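Results of the structural survey
Letter by letter, the chains look like this.
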Amino acid sequence: MAIKFNRSQTFATNGTVTAAGLHNLIDGTDIYQALITDQPSLTAVAPEDSILIADASLTAGDAPRQTTVSNLFDDALTGGTYTNLNLTGALTFGTATGNRTVSTSATITTGTIPSLTSSTASITIGTIPTLTAGTTTSTAANITNGTIQTLTSSTATITGGTFGGLLNSSTGTFSGAINSTSGTISNFSTTLAGDFSISQGTGTLGTTGVTSGTYGTSSVAVTLGVDSKGRITTVSTSEISSSGPAFLATRSTSDQSINSSVYTKIQFNNEVFDTNSCFDNSTNYRFTPNKSGYYYFFATSVNNIGSGSQTYTILKIYKNGNDLSGAESSFTATSGGGSTLHCFTIGSMNGTTDYVEAFAYNIGTNPSVQQRSSFGGYFIRP
Amino acid sequence: MNNLFEKIILIYPELKNFDFAFGPIELRDNSDGNGPYIHKWEHPSLEMPTKSQLENAK
C-alpha cells in the first residue's frame, strides 16, 4: 500500500505527545497521489457524478466545494478559451445552438460539411469538387462538378458545362451554351460579338409590335414599319388599284337623237364590261361605283346631224348632276357630217351615292349621238 | 310642235344659242322619257318663263 499522506510531525516510541505536535501533524500533512490512485477505479463517469474542486473565489482556508462532472464541463467550456482543443471523435453529445466560431484560419482537408449556413463566411480559394447542396458566395471558387441551383454573383464567369438554374448577372460573360427546354430568360440584353442564330424553332425578339396573323391578299398591298432595331412595329394594308370597279359602255345598234341646244344624257345601253355591276345601262345610264376612291373617266361622243347643219358640239361628264369635265367643238358640219369629242377627267367618288353620267350638247338640225360613242372609267386608288 | 328651246326663243328672241351652252341658261334632258326641262336659269334680266308662257308659245 502506497503512502497517501506525508506527515509533518513524527512521534518517537515512548516519546511525549504534545498538543503542539498533534496540531502540527494535522496542519502540515501533505497529500500524496496515492490517495487517489489507490482508490477503486470508476470506468464510466456520469454527468451527475461528484468531484471536489477548489473554488478560486474562496481563500486557501476554506473547504473545497463539491460539483458534478456535468457542471465542470458545461461551465468551463462556456467561459474558457482552449487554443489546442483536439477532438478526434464526433461531437454528438447534447444539442448545439447559437453561433460557434470554430476557427478563422482552419484548413479542412477532408470530411464533409453537411451545411454551411454562415452569412459571412468566405471561401477565398481552393476547389470544391462536388457541391451537392447549399449556397456559396465565393467570387473566386472553381466549382468543377455538381449543380448550382441559383447563381447570384454579379461577376461570376461560367466558362463551360451545363447550367440548369437561374442565370442572373448584369455584367457576367457567358461563353457556354444555353440549353434549356423549359427555362425563361426574362431580360436578355447583351452585345453580341458574333452571329445570333436559331437553328431550329422560332424566336421572339420582342413582346410589342404587330399582331400575329396574315396580312395582305392578292388585291391588298402590305406596308411594314420597322424600327431602328430592325423589328417590325406596324403593318398597314392598302388595296391594289386594280381591284376596283371598271366599266366600258357604248351605244348599241342605233344612234340616239337629241334636241338641239339641250344637254341630253347619252344612253349608253351596251356594256362592253362592267366588273362590279356599277353601271346602269337600262334606266339611268350612270356609273355608281361601290368602292370609294379616285377614278379615271373618259367619254367619246360621235356627233352627227341628219340634215341641215351643225355649228357647235359639247360633251360633258357630270358628277351628281354637276360639271366634272367637258369638251367642246365649234366645228361646222353639213348634212351627213359631224364631229367627235373626247372628254376625260379624274374624280373622287364616295363609293355609295356618287355617280357620273355623260351628256351631249349640239347646236344643229336633227343632231344625234352615234353608236360608236363610248363611256368608261376605272378605279385608280383609294 | 316646238320643242322647249324653240319655245323659249319665241318668248325671248334676244337669246342666242350660246346662252344655252355655257351661258346663264341650261336645258337638260335626262333621257328618262320626261323630255327637256329648264335645269338652270340665271339670266340677269330675263325672268324664267312660266308654265303658261311655255304652253302658249307656238
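Note that the structure is a prediction, hence the values are computed from the model and not measured. (Residues numbered from 1 in each chain as written. Chains lettered and ligands numbered in written order. Predicted model: local features only at pLDDT ≥ 70, side-chain atom pairs only at ≥ 80, totals over all residues.)

1. A short note on the overall build of chain A
When helices and strands are counted, chain A shows three helices and 22 strands. Per-residue burial for chain A yields a buried fraction of 16% across its 382 residues. The contacts in chain A between residues at least 6 apart in sequence include a share of 56% that link residues at least 24 apart. (Helix = DSSP H or I, 4+ residues; strand = E, 2+ residues; numbered from the N terminus. Buried ≥ 20, exposed ≤ 12 C-beta atoms within 10 Å, placed from the backbone. Contact = placed C-beta atoms within 7 Å.)

2. Considerations on the overall build of chain B
Counting its secondary structure elements, chain B contains three helices and two strands. Counting helices and strands in the order they occur from the N terminus, chain B gives α-α-β-β-α. Of all 58 residues assigned to chain B, the portion counted as buried reaches 12%. Here the contacts in chain B between residues at least 6 apart in sequence split such that 31% fall between residues at least 24 apart.

3. Re the interface of chain A and chain B
With 13 residues of chain A in contact, the opposing surface of chain B contributes 13 residues. Among the secondary structure elements, those contributing two or more residues to the side of chain A that touches chain B are β13 (263-265), β16 (309-319) and β20 (356-364) of chain A. Of all the elements, β13 of chain A adds the most residues to the side of chain A that touches chain B, at three residues. The class makeup of the residues in the side of chain A that touches chain B is seven nonpolar, five polar and one charged. With two bridges joining them, β13 of chain A and strand β1 (residues 25-29) of chain B adopt parallel strand pairing. Bridging from a neighbouring strand, Thr 264 of chain A pairs with Asp 29 of chain B of β1 of chain B. (Nonpolar A, V, L, I, M, F, W, Y, C, P; charged D, E, K, R; others polar. Pairing = 2+ DSSP bridges.)

4. Considerations on the environment of Asn 290 of chain A
Residue and element names in this part refer to chain A. Relative to the assigned elements, Asn 290 resides in the loop between β14 (270-274) and β15 (293-305). Owing to 12 C-beta atoms within 10 Å, Asn 290 belongs among the exposed residues under this scheme. Distance in space between the C-alpha atoms of Asn 290 and Thr 353 is 8.4 Å, their sequence separation being 63 residues.

5. Details of the nonpolar core
Ile 266, Ala 299, Leu 315, Ala 358 and Ala 360 of chain A are the most contacted members of the largest nonpolar core, which totals 33 residues. Of all the secondary-structure elements, those providing two or more residues to this core are β11 (246-250), β15, β16, β19 (338-349), β20 and β22 (374-381) of chain A together with α1 (4-11) and β1 of chain B. Here this core gets five residues from one element, more than from any other, and that element is β20 of chain A. (Core = buried A, V, L, I, M, F, W, Y, C linked by C-beta atoms within 7 Å.)

6. Some thoughts on the environment of Leu 46 of chain B
Residue and element names in this part refer to chain B. With respect to the helices, strands and loops of the structure, Leu 46 is situated in the loop between β2 (37-41) and α3 (51-56). Judged by C-beta crowding, with 15 C-beta atoms within 10 Å, Leu 46 ranks as partly exposed. Linking Leu 46 and Glu 14, residues 32 residues apart in sequence, is a C-alpha distance of 10.0 Å.

7. Quick look at unusual backbone geometry
Despite not being glycine, Ser 277 of chain A has its phi angle at roughly 55°, a positive value. In this fold, Ser 277 of chain A is placed in the loop between β14 and β15. By C-beta crowding, Ser 277 of chain A is classed as exposed, having 10 other C-beta atoms within 10 Å. At Ser 31 of chain B, a residue that is not glycine, the phi angle is positive and equals roughly 55°. With respect to the helices, strands and loops of the structure, Ser 31 of chain B is situated in the loop between β1 and β2.

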